[in-house]
Amino acid sequence: MTMPKGYGSSSSQTGKRSFDQWWATVPADLKEKARKGDEQNKPLLNQINYVLLHLHLAGKHDVKPSHEELKDWLHSGQVDVLRMNK
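Quick caveat: nothing in here was measured; it's all calculated off a predicted structure.

## Concerning the overall build of the chain
(1) Moving on: Looking only at helices and strands, the chain has 4 helices and 0 strands in total.
(2) Moving on: Every one of the 86 residues in the chain was classed for burial, and the buried ones make up 28%.
(3) Moving on: Contacts in the chain between residues at least 24 apart in sequence constitute 63% of all its contacts with a sequence separation of at least 6.

This is the structure in structure tokens:
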């Protein structure tokens, strides 16, 4: 079975890209729309989903992260699921 583009392509030792490595591959206009006014905070899962949807609709499947990468970003705290006010 052949895996889709983007799966397993990584420069890290664990075989997964960090959020920042992946974010650098996202088109600038899409990054701006997703995070405008919220750049000082940690990325939210909702913002990532917005980018993933637009990448999918544009047919840019090779830019999308793998399931393992997404899971790693959430479990390692690179991306927040919710923003909690302190």
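## Quick word on the packing of aromatic side chains
(1) Moving on: In this structure the tally under the stated criterion is 5 aromatic pairs.
(2) Moving on: A ring pair is formed by Phe19 and Trp22, whose centres lie 5.9 Å apart and whose planes are at 55°; its orientation type is tilted. Here Phe19 pairs with Trp22, and both are found in helix α1 (residues 19-23), just 3 residues apart, close to one helical turn. One exposure class covers both Phe19 and Trp22, and it is buried.
(3) Moving on: Consider the rings of Phe19 and Trp73, whose centres lie 5.5 Å apart with planes at 90°: the pair is edge-to-face. One end of the pair, Phe19, is in helix α1; the other, Trp73, is in helix α4 (residues 67-76), with 54 residues separating them in the sequence.
(4) Moving on: Look at Phe19 and you get buried, because its relative accessible area is 5%.

Definitions and limits used
- Residue positions are given per chain, counting from 1 as you read along its sequence in written order.
- Whole-chain, interface and lining totals are the exception, using all residues; otherwise, since this is a predicted model, local features are given only for residues with pLDDT of at least 70 and side-chain atom pairs are given and counted only at 80 or more.
- Each side-chain value is derived from all of the structure's non-hydrogen atoms; neither hydrogens nor water enter the calculation.
- Where helices and strands are cited, they refer to DSSP runs of H or I of at least four residues and of E of at least two residues respectively, numbered from the N terminus.
- Three labels apply to residues, based on accessible area from a 1.4 Å probe with only protein chains included: buried if under 20% of the type maximum, exposed if over 50%, partly exposed otherwise in between.
- By definition in these notes, contact holds between two residues if any of their heavy atoms fall within 4.5 Å.
- The aromatic pairing rule takes the rings of Phe, Tyr and Trp, using the six-membered ring of Trp, and pairs them if the centres are within 6.5 Å, calling planes under 30 degrees apart stacked, those over 60 edge-to-face and the rest tilted.

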